[in-house]
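Chain residues, written in single-letter form:
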Amino acid sequence: MAAQNHAGDTASIVVHFARVLLILLVAGSAVTAARPADEAVSSWETAANIAYREGENITQYMMERCRLDLYYPAGAAAEAFPTVVWFHGGGLKGGSKYLPKGLEGRGLAVAAVNYRL
């Protein structure tokens, strides 16, 4: 019976790894599909502090942390550029949403997300 549980755990890990890999590949293709530096976007529009969690059982902490900023090329149509969802680092212990320098001016929309720590 223990061998079956171990096999099930291994299969679950493999499936999880495959999902993470797929997400990374999709995100990587969005970045490579961005405009080259010579076609860089020079100005941004920002929609700041958009709440993405609603409901009756929301704590003050959730209301403060569950927000995102959306950065997008000024004057561009929604279909004109790929979008990257960016989760800041910090090991789930610290950090805050921001626009990474490496994604600026690439013709991408960036959703910079805060989350509960």
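Right above here is the structure, for reference.
Heads up: these notes are all about the structure in this document. (Residues numbered from 1 in each chain as written. Predicted model: local features only at pLDDT ≥ 70, side-chain atom pairs only at ≥ 80, totals over all residues. Heavy atoms only, no water.)

Turning next to the sheet that holds strand β4 (residues 109-113). If you walk across this open sheet you meet the four strands as β1-β2-β4-β3, and the pairing is mixed. Edge positions in the open sheet fall to β1 (44-51) and β3 (83-87), since each of these has one partner strand only. Neighbour-to-neighbour, the strand axes of the sheet open up by a mean angle of 15°, direction not taken into account. Here β1 pairs with strand β2 (residues 67-73) via six bridges, running antiparallel. Across the sheet, the residue bridging to Thr-46 is Tyr-71, located in β2. (Pairing = 2+ DSSP bridges. Helix = DSSP H or I, 4+ residues; strand = E, 2+ residues; numbered from the N terminus. Axes fitted to C-alpha atoms, helices over the stretch in contact; angles between N-to-C directions.)

Moving on, we come to the pattern of salt bridges. Applying the stated rule across the entire model yields two salt bridges. The residue Asp-69 makes a salt bridge to Lys-97 at a minimum N-O spacing of 3.3 Å. Taken together, the positions of Asp-69 in strand β2 and Lys-97 in the loop between β3 and β4 put the pair 28 residues apart, joining distant regions of the chain. Both residues of the pair, Asp-69 and Lys-97, belong to the buried class. (Salt bridge = Lys/Arg side-chain N within 4 Å of Asp/Glu carboxyl O. Buried < 20%, exposed > 50% of the residue type's maximum accessible area, 1.4 Å probe, protein only.)

Let us now look at unusual backbone geometry. Trans peptide bonds make up most of the peptide bonds, and negative phi angles are found at most residues other than glycine. One non-glycine residue, Asn-49, adopts positive backbone phi at about 55°. Along the chain, Asn-49 falls in strand β1.

Here Ser-43 shows up in the loop between α1 (2-32) and β1. For Ser-43, a relative accessible area of 36% translates into the label partly exposed. When the C-alpha positions of Ser-43 and Tyr-72 are compared, they lie 8.7 Å apart, and in sequence the two are 29 residues distant. The residues touching Ser-43, leaving out its near neighbours within four places in the chain, are Tyr-72, Pro-73 and Ala-74. (Contact = heavy atoms within 4.5 Å.)

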